[in-house]
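Residues per chain, in single letters:
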Amino acid sequence: MSSNRFFGLRARLVLLLALIIVPVFALLLHNAVETRKTQTLHTQALALRLARLVMLEQRELIAGARQLLPSLAQLPSVRATDGGPACQRELVRQLEQYPYYANFGVSGRDGVMRCSGLPMPSPVHIEDRDYFRGAINNDEFTIGGYQIGRITGKSAINLGYPLRDAKGRVDGVIFAALDLAWLGRKLRDVALPAGTTITIFDVRGTVLTHIPNPAEWFGRSIADVPFVRLILERGAEGIAESTDVEGVQRLFAFTPLDASRRAYVSVGIPRNVAYAEVDARFKQDLLALSLIVLVVISVGWTGSNAFVLRPLSVLTLTSERLGRGDLGARTELRHRSKEFSQLAQTFDRMAASLQQREQATQRQDQELKRINRALQTLSGGNHALVRTQDEAALLQEMCRVAVELGGYRMVWVGFAQDDAEKTVLPMAWAGMDGAVADRLRISWDDTERGLGPTGIAIRTGQPCTVHGLQTDPRYQPWHALAREQGIDSAVSLPLQVDDAVIGAFTLYSEDRQAFDAPELDLLSEMAGDLAYGICTLRTGIQHAAAQATIQRMAYYDELTDLPNHTSLEEFLERCAARESLPQQRLALLLFDLARLRDINDTLGFEAGNQVMQETASRLTRACPEGGYVARMRGDEFAMLLPGADLAQAEQMTQSILKLLNQPFSIDGFSLVLRVNAGIVLCPEHARDAEHLLRHADVAMQLAKTTGNGYAVYSPALDADKKRHLALAADLNRALEDGGLELYFQPKVSMVRGRVIGFEALTRWSHPTHGWISPDEFIPLAERTGMIRALSDWVLETTLRQLHAWGQAGIRLPVAVNLSAHNLQDPLLLDKVEALCASWALEPGLLEMEITESAMMADPAGALAVLLRLRALGIPLYIDDFGTGYSSLSYLKKLPVTALKIDKSFIDDMLDDAESESIVRSTITLAHELGLSVVAEGVEDAAVWARLRAHGCDAAQGYYMGRPMPVAQVEAWLQESPWGIGKG
């Protein structure tokens, strides 16, 4: 009977234990299933990441083409309409430099190929290609579809960019064919899962490339394959399991290769490979669960202790905790009866195993993430070493790679400085801006600022890893910065070049446990590669510099690094020796810096040297392709223009004079030079080197005397000198005898369509030569010192006329022009104030116009004079705006009322988009600064309408009214549609 009770108790116990183990078993089974799902998703994510990597690599190559094609489009050999050998050689050179491209080509607007980097079997037409039509029609960089090249015969994506002629019109296309064979080269060293295939196919299901065996698969149609149909139907990235062409069940990850979804990349991993580890682990979990169930039932069957309710209750509660996800739950029944003790221990071991497994999985995930980002950083760094030829660019690219590919929070490279504080100077960084780099303030000395990882790594020559950047007292100087940037650990790796530590490569992470041993090994390898790259670049630079020094010493100027006079003379002599100089056209321009001696005397030779160096730099930038710039003796420079005629030589000279007459900023001083130039042509003016140089010097000396800035050599120049001397005497006589006359040109409001004032213009009718142009007698007055007397006459005559008009009821302002000489006249302000008081002039009726060049001759002095004039109630205009070189910061300081846009921009704005852009931008800028805008040189209604559409305030030009003598002004005001009598 007792045996039956014992058996019944056991039966009830087993039944009770069974009821308890069911939820536990369900929970553990659920965890195993969820774990399998998580691992499956992880495997799928890895496959998708590989597909995205292929997509991103292609986008990076396309982005490179987006930068490369505009640069190639500027080359003269590429822009030449006849193509030719020069174009082909340039494209062949580009193919050698960029192996990822199958071809480069240039076509005309008609779609006929002009030249190609590969031989063309016959005339090739590309007018039907979408990249050609996009570049021509949209006038921008265009990405074409995936096509078989008509020249290369390869599968490629074609990229087009418009070519422009001299007037900025699109007259052709330069294209690059991106060879899809790059995929094989990119993946050559990538460890892929066994049996993995990578396929790129277009929207028709045609294989563009396939890894492995690309040649076998190229052009093959796989449109009917299930996984291909699935990808084309979705049209987006995703994951799927399907059977490939060969009947292999695979896990496919796929993504569009570009934003237009004209091609897709798919990564196929055999299912048994992709899920091998997942399936094995799931089977192990099921086996473990089965064993646990058997153990529990066994313990329940053998546990015959009558006092089991409380231990059983403990087991139940512990099971519930475990079911809620508390993997730290334990029974703590070690000292109970043997049966329950064994059951409890088994249960506790099971919970501990689950907890350890969970923790191990988390640790493994973290380690894999760290190793993965270190591997990505190392791989990207290797690419940077291969592609980068400049040290600064190499440092910056390494930092970018570590942040964008490696996922590190902040990265920077610092070089150890040999100064008193032993500063570590940031050279490149990523993940932070320059302000954060400045706040690091790290030293490699054994001081408080040198106790961080960077200082220790440089000082010891060993990698240094630190954690707790936000709280550890040792890193107190950087606590605030670490919290602000969200970083808590760092590793600094020394950079050793030629057995010396030159600096460190420092990486930061928000993860406090980052930079374990495997990750550190990979990053140390990357730092070693970076140091090797720096050493290689520096060695190459030193070797090249040593070889070049010997050659440059004899034929190059040490100060400016330009060819010297000997080099120029020998160049011309070689041309003469080949008997080519008398037969070919060329122009020789000779420039002289007139104020260099004053700069040397005032600021010292170092300042003069800086001016010479900046002059050389400006000339070099301005010199066209095929030209030749040299520094002659002293303060002279020369430029050779092969093939140039007189018009081209004058155009280039004017451009360079404008460039050289811009201010030089030297040691806090803004210096303006007066540059003169002489032009001589071959064969018109000379046929040998000696006479070319001599005649160029004669023309330059003439330019100094005439003040025109430049002169063209001519035997008749002596006669022009006599004319200028005679005109100077006649001008002085005209000032004394009243031989000059003041004309007035109206300024009209574009809003109201009514005259708002006049500009006073001096005219001279010579008794013998007739009308003398202001462009001739105004510079003559400036050179001879008569400009102040001329300005006094203009000012007094203008005020007298304003008074007369006021008596007649006409109250319109008149503007007079001030030159640089006027702004430097110490009596100017007193004269203006006295004349205004003498004629009882109302404020605002007298206006003054000053050119940018006049102000920049002495910016500080000019500003002081303009402030005084504005205080007298005189509105001020900046005349010929856009032709000078005043900075925006200086413009904001000026007390001016309006800007007058120079006529040269107005003349071209209907035909030249760049001129119109300058005009529109100037109007916007002026309005933002609170200034009004007057357009000069408005000649017709079309220009008037365009300016008005852009918001211009007023205009001046022949369309509204020509300059007129004072006797015609009142009649014009009554009769003109712009006048005050037509209200």
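Scroll up to find the structure.
Computed from a predicted model, the values in this text were never measured in an experiment. (Residues numbered from 1 in each chain as written. Predicted model: local features only at pLDDT ≥ 70, side-chain atom pairs only at ≥ 80, totals over all residues. Heavy atoms only, no water.)

As for the overall build of the protein
If you tally the helices and strands in the protein, you get 33 helices and 32 strands. When burial is assessed residue by residue, the protein has 48% of its 983 residues classed as buried. If you take every contact in the protein between residues at least 6 apart in sequence, the share linking residues at least 24 apart comes to 61%. Total accessible area computed for the protein in this model is approximately 47200 Å², and 53% of it derives from carbon and sulfur atoms. (Helix = DSSP H or I, 4+ residues; strand = E, 2+ residues; numbered from the N terminus. Buried < 20%, exposed > 50% of the residue type's maximum accessible area, 1.4 Å probe, protein only. Contact = heavy atoms within 4.5 Å. Areas by Shrake-Rupley, 256 points an atom, 1.4 Å probe, with all protein chains shown as cover.)

Some words on the pattern of salt bridges
Inspection of every chain in the model, using the stated rule, returns 28 salt bridges. In this structure, Arg631 engages Asp557 in a salt bridge whose closest nitrogen and oxygen atoms are separated by 3.2 Å. With Arg631 in strand β17 (residues 628-631) and Asp557 in the loop between α16 (517-555) and α17 (565-577), the pair connects residues that are 74 residues apart, well separated along the chain. Among the residues examined, Asp557 registers a relative accessible area of 15% and is labelled buried. With a closest N to O distance of 3.8 Å, Arg800 and Glu796 form a salt bridge. Taken as a pair, Arg800 and Glu796 lie in helix α24 (residues 787-807) at a separation of four residues, close to a single helical turn. When salt bridges with common partners are traced through the structure, they connect Lys747, Glu759, Glu847, Glu849, Lys900 and Glu936 into a single cluster. (Salt bridge = Lys/Arg side-chain N within 4 Å of Asp/Glu carboxyl O.)

Overview of a nonpolar patch on the surface
Together, Leu287, Leu291 and Leu294 give the surface a local cluster of nonpolar side chains, amounting to about 320 Å² of exposed area. Residue Leu294 is classed as exposed on the basis of its relative accessible area, which comes to 56%. (Patch = residues over 30% accessible without salt bridge, like charges linked within 9 Å, V, L, I, M, F, W, Y side chains within 5 Å.)

Considering the nonpolar core
If you look at the biggest cluster of nonpolar residues, it comprises 65 residues, and the most contacted ones within it are Phe758, Leu846, Met848, Leu869 and Leu947. One finds Ala47, Val54, Phe104 and Leu159 within the second-largest nonpolar core, a separate group that totals 43 residues. (Core = buried A, V, L, I, M, F, W, Y, C linked by side-chain atoms within 4.5 Å.)

Concerning the sheet that holds strand β6 (residues 197-202)
In spatial order, the strands read β7-β6-β10-β9-β8; together these five strands make up an open sheet with antiparallel pairing. Looking at which strands have only one partner, the edges of the open sheet turn out to be β7 (207-211) and β8 (238-243). Strand-to-strand, the axes of this sheet are offset by a mean angle of 20 degrees, without reference to chain direction. Judged from the six bridges that link them, β6 and strand β10 (residues 263-270) form a sheet pairing that is antiparallel. Paired with Ile198 across the two strands is Val267, which belongs to β10. In the packing of helix α7 (residues 226-234) onto the sheet, the strands contacted are β6, β8, β9 (249-256) and β10, and the crossing angle to β8 comes to about 155 degrees. (Pairing = 2+ DSSP bridges. Axes fitted to C-alpha atoms, helices over the stretch in contact; angles between N-to-C directions.)

What about the packing of aromatic side chains?
Tallied over the entire structure, the rule returns 16 aromatic pairs. Aromatic side chains Phe227 and Phe252 sit 3.9 Å apart centroid to centroid with 5 degrees between the ring planes, which places their arrangement in the stacked category. In this pair, Phe227 is assigned in helix α7 and Phe252 in strand β9, connecting sequence segments 25 residues apart. Seen in terms of ring centroids, Tyr743 and Trp771 are 6.1 Å apart; in terms of plane orientation they differ by 80 degrees. Their pairing is edge-to-face. Of the two residues, Tyr743 sits in strand β23 (residues 740-749) while Trp771 sits in strand β25 (residues 770-772), which places them 28 residues apart along the sequence. The exposure class of Trp771 is exposed, given its relative accessible area of 53%. Through successive ring pairs, a cluster of aromatic residues spans Phe744, Phe758, Trp805 and Trp972. Stacked on the ring of Phe664, the Lys or Arg Arg618 has its end atom at 3.9 Å from the ring centre. Positioned above the aromatic ring of Tyr958, the side-chain terminus of Arg962 is 3.9 Å from the ring centre. (Phe/Tyr/Trp six-rings, centres within 6.5 Å; stacked < 30°, edge-to-face > 60°. Lys NZ or Arg CZ within 6 Å of the ring centre and 35° of its normal.)

A word on the environment of Ser976
Counting through the fold element by element, Ser976 comes out in the segment after α33 (966-975). Residues Ser976 and Gly961, spaced 15 residues apart in sequence, show a C-alpha to C-alpha distance of 8.6 Å. In terms of polar contacts, Ser976 uses its side chain to reach the backbone amide nitrogen of Trp978, at 3.1 Å. (Polar contact = N/O pair within 3.5 Å; in protein donor to acceptor, adjacent residues only side chain to side chain.)

A short note on the sheet that holds strand β2 (residues 113-116)
One open sheet holds the five strands; their spatial order is β2-β1-β5-β4-β3, and the pairing between them is antiparallel. In the strand order of this sheet, the two ends are held by β2 and β3 (142-148), each with one partner. Neighbour-to-neighbour, the strand axes of this sheet turn through a mean angle of 25 degrees, independent of strand direction. Bridge analysis of strand β1 (residues 101-108) against β2 gives three bridges, and the strand direction is antiparallel. Bridged to Gly105 within β2 is Ser116. Relative to β1, helix α3 (residues 85-97) is tilted by about 155 degrees, and along the sheet it contacts β1 and β2.

Topic: the side chain of Thr560
Looking at the secondary structure, you find Thr560 in the loop between α16 and α17. The buried category is assigned to Thr560, whose relative accessible area is 11%. Separated by 2.6 Å, the side chains of Thr560 and Asp557 make a polar contact. The residues contacting Thr560, other than those within four sequence positions of it, are Met612, Gln613, Ala616, Arg631 and Phe637.

Side note on the side chain of Thr142
With respect to the helices and strands, the residue Thr142 is situated in strand β3. Since its relative accessible area comes to 11%, Thr142 is described here as buried. Engagement of the side chain of Thr142 in a polar contact is seen with the backbone nitrogen of Ala135, the distance being 3.1 Å. Each residue touching Thr142, except ones within four places of it in the same chain, is listed here: Asp130, Tyr131, Gly134, Ala135, Asn158, Leu159 and Gly160.

Notes on helix α4 (residues 130-138)
All of the buried residues in α4 are Tyr131, Phe132, Gly134, Ala135 and Ile136. Where α4 is buried, its residues contact β1, β3, β4 (155-164) and β5 (170-179). Two residues or fewer after α4 comes Asp139, characterised by a positive phi angle close to 55 degrees.

A look at the state of the cysteines
Each disulfide consists of a covalent bond between the sulfur atoms of two cysteine residues. Applying the stated criterion across every chain yields a total of one disulfide. A sulfur-sulfur distance of 1.9 Å marks the disulfide that ties Cys87 to Cys115. Pair noted here: Cys87 is in helix α3 and Cys115 is in strand β2, with a separation of 28 residues, a long-range link. For Cys87, a relative accessible area of 0% gives the class buried. The buried category is assigned to Cys115, whose relative accessible area is 3%. (Disulfide = S-S within 2.5 Å.)

Examining the environment of Tyr743
Residue Tyr743 is classed as buried on the basis of its relative accessible area of 15%. When the C-alpha atoms of Tyr743 and Gln968 are compared, they prove to be 9.6 Å apart, with 225 residues separating the residues in sequence. The contacts of Tyr743, once residues within four sequence positions are left out, are Glu759, Ala760, Leu761, Arg763, Trp771, Pro963, Met964 and Pro965.

Examining the packing of α24 against helix α26 (residues 828-838)
For the pair α24 and α26, interaxial distance at closest approach is 10 Å and the crossing angle is 20 degrees. For the element pair α24 / α26, the angle class is roughly parallel. Judged by the sense of rotation from one axis to the other, the crossing of α24 with α26 is right-handed. Listed contacts from α26 to Asp792, Leu795, Glu796 and Leu799 of α24 are Lys831, Val832, Leu835 and Cys836. Looking at the contact of α24 with α26, its residues break down into five nonpolar, no polar and three charged. (Parallel < 35°, antiparallel > 145°, perpendicular 65-115°, else oblique. Left-handed = near helix turned anticlockwise from the far one by under 90°. Nonpolar A, V, L, I, M, F, W, Y, C, P; charged D, E, K, R; others polar.)

So, the packing of α26 against helix α28 (residues 859-871)
Between α26 and α28, the least distance of the axes is 11 Å, while the angle of their chain directions is 10 degrees. Relative to α28, the element α26 is oriented roughly parallel. Here α26 contributes Leu828, Leu829 and Val832 to the contact with α28, which in turn contributes Val865, Arg868 and Leu869. For the contact of α26 with α28, a count of residues per class yields five nonpolar, no polar and one charged.

A few points about the pairing of strand β11 (residues 410-416)
With six of seven residues buried, β11 is to be regarded as a mostly interior element. Here β11 pairs with strand β15 (residues 500-509) via six bridges, running antiparallel. Residue pairing across strands places Phe415 opposite Gly503, the latter belonging to β15. The pairing of β11 with strand β12 (residues 424-430) spans six bridges and is classified as antiparallel. Pairing of Gly414 across the sheet is with Pro426, part of β12.

Quick word on helix α20 (residues 646-660)
Look at α20: 21 Å from first C-alpha to last across 15 residues, which is about the 21 Å you get at 1.5 Å a residue. Listed as buried for α20 are Ala649, Met652, Thr653, Ile656, Leu657 and Leu660. For α20, the arc enclosing every buried residue in end-on projection is 135 degrees, short of the 170-degree limit, so these residues lie on one face. Those residues of α20 that are exposed and angled more than 90 degrees off the buried face are Ala647 and Gln651. (Expected span 1.5 Å × (residues − 1). Arc of directions from axis to C-beta.)

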